[in-house]
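# Architecture and fold: a report
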Amino acid sequence: MQFAIVSRGDTRSAEIAQELTEKLQAAGHTLSEEPRIVVSVGGDGTMLQAFHKYIDRLDETLLVGIHTGHLGFYADWQPDELDELTEMITSESFEPVSYPLVEVLIDYENGETDRRLAMNDCTIKNYKRTLVCDLSIRDDYFETFRGDGLCISTPSGSTAYNKALGGAIVHPSIEAIQVTEMASINNLVYRTIGAPLLLPKHHQVKIKPHTKTEFELAFDHQEALSWSDVVSIRCAVAKEKVTFARFRPFPFWRRVRESFIEEGK
Ligand code: NAP
Ligand code: MN
């Protein structure tokens, strides 16, 4: 099988990546730029990097995560399990499990549109002043938001920024995106719903910034970019999915418990 490894870059992750490369090669697998299996060695942030690196080959790619820090949401293999992982990859003892992504369409003043995908979330923020924007859902005006920003997350990203913003944790078998507010200002002029919104597949949320001031758009771990020539940002469940290789059961809710409440048991 063709494989690739994405490492966080620290010494320990690099060593584990090297060790796994040797084990996989000894078992007859080949390092490739067009991998079937992509192993991320590091944390959840490393998995986000791996996802974006192979974003053009989502249909052909299966992701696996080894965590070199605390247990990750996306990275659930331990560094001392490399032999077991190699054997399971070799015997193809895994099944693909796919999670929804968020599609972000960025419409510019000149009529052009960019399309981006995120595995965790897309955030729209304005650090210098408050962000003011109109939200419509399925082209129906919903509210005018004024505050720090908005987060649009996927189900598997619901345990990241979304959770810190008071969003619900959503099981990845639910094809939805969630819109959460960052410090909305509510007064006689601006009134927002003040609760996270969970949108089903085919429901697009359109965010139209009011002012021409700059705001920042970020996708997952990627650095926020400043934009000033954007007329609207449209988010929906993407038609693509990200696929992980599942070698053994590790149910989502157990992962939630072990990441946030207590390990083991
Ligand atoms: P980071 O700043 O290192 O990540 C923040 C933390 O989120 C790290 O502990 C990371 O785990 C964890 N994380 C990432 N994806 C997760 C997921 N799906 N479920 C649970 N925890 C998750 O940056 P990063 O590692 O590149 O991650 C980018 C993500 O950070 C963004 O997509 C956003 O969701 C999140 N973020 C959160 C806040 C906040 O909570 N206030 C603010 C900004 C960004 P690892 O240490 O294993 O990488
Ligand atoms: Mn990180």
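In this text the structure is predicted, and so the values were computed from the model without any measurement.

### What to know about the side chain of S232
- Relative to the elements of secondary structure, S232 occurs in strand β15 (residues 230-246).
- A polar contact of 2.7 Å, which involves the side chain of S232, links it to the side chain of D107.
- In contact with S232, other than residues within four places in its own chain, are L105, I106, D107, K206, I207, K208 and P209.

### Structural notes on the site of ligand 1
- Not every one of the 17 residues close to ligand 1 is listed here, only the nearest: D44, N120, D121, T159 and H221.
- Of all the secondary structure elements, the ones that give two or more residues to the shell around ligand 1 are α2 (44-53) and α4 (161-164).
- Ranked by residues supplied to the shell around ligand 1, first place goes to α2 with three residues.
- In terms of residue class, the shell around ligand 1 is made up of six nonpolar, eight polar and three charged.
- Domain assignment of the residues forming the shell around ligand 1 places at least three in each of domain 1 (2-94 + 247-260) and domain 2 (101-239).

### Concerning the UniProt feature "binding site: NAD(+)" (unreviewed entry) in the protein
- Feature annotation in UniProt assigns "binding site: NAD(+)" (unreviewed entry) to the following positions: D44, G45, N120, D121, R146, D148, A183 and Q222. In terms of the greatest pairwise C-alpha distance, the residues named above, spread along 179 residues, do not form a single cluster, extending to 30.8 Å across.
- Here D44 is to be found in helix α2.
- Discounting residues that sit within four places of it in the chain, D44 has contacts with G72, F73, Y74 and A75.

### Quick look at the domain arrangement of the protein
- Each assigned domain of the protein is listed with its residue range as follows: domain 1 (2-94 + 247-260) and domain 2 (101-239).
- Measuring from the centre of the C-alpha atoms in domain 1 to the corresponding centre in domain 2 gives 30 Å.
- Tallying the contact residues gives 13 residues for domain 1 and 16 residues for domain 2.
- Interface area, domain 1 with domain 2, both sides summed: about 1300 Å², of which 76% is carbon and sulfur.
- Those elements that place two or more of their residues in the side of domain 1 that touches domain 2 are α2 and α5 (252-260).
- Tallying contributions element by element places α2 first for the side of domain 1 that touches domain 2, with five residues.
- In terms of residue class, the side of domain 1 that touches domain 2 is built from 11 nonpolar, two polar and no charged.

Each value, and the rule that gives it
Residues numbered from 1 in each chain as written. Chains lettered and ligands numbered in written order. Predicted model: local features only at pLDDT ≥ 70, side-chain atom pairs only at ≥ 80, totals over all residues. Heavy atoms only, no water. Helix = DSSP H or I, 4+ residues; strand = E, 2+ residues; numbered from the N terminus. Polar contact = N/O pair within 3.5 Å; in protein donor to acceptor, adjacent residues only side chain to side chain. Contact = heavy atoms within 4.5 Å. Near = heavy atom within 4 Å. Nonpolar A, V, L, I, M, F, W, Y, C, P; charged D, E, K, R; others polar. Domains from an automatic or database assignment. UniProt positions renumbered as here; feature names shortened; annotations may be inferred. Buried area = accessible area lost by both parts, 1.4 Å probe.

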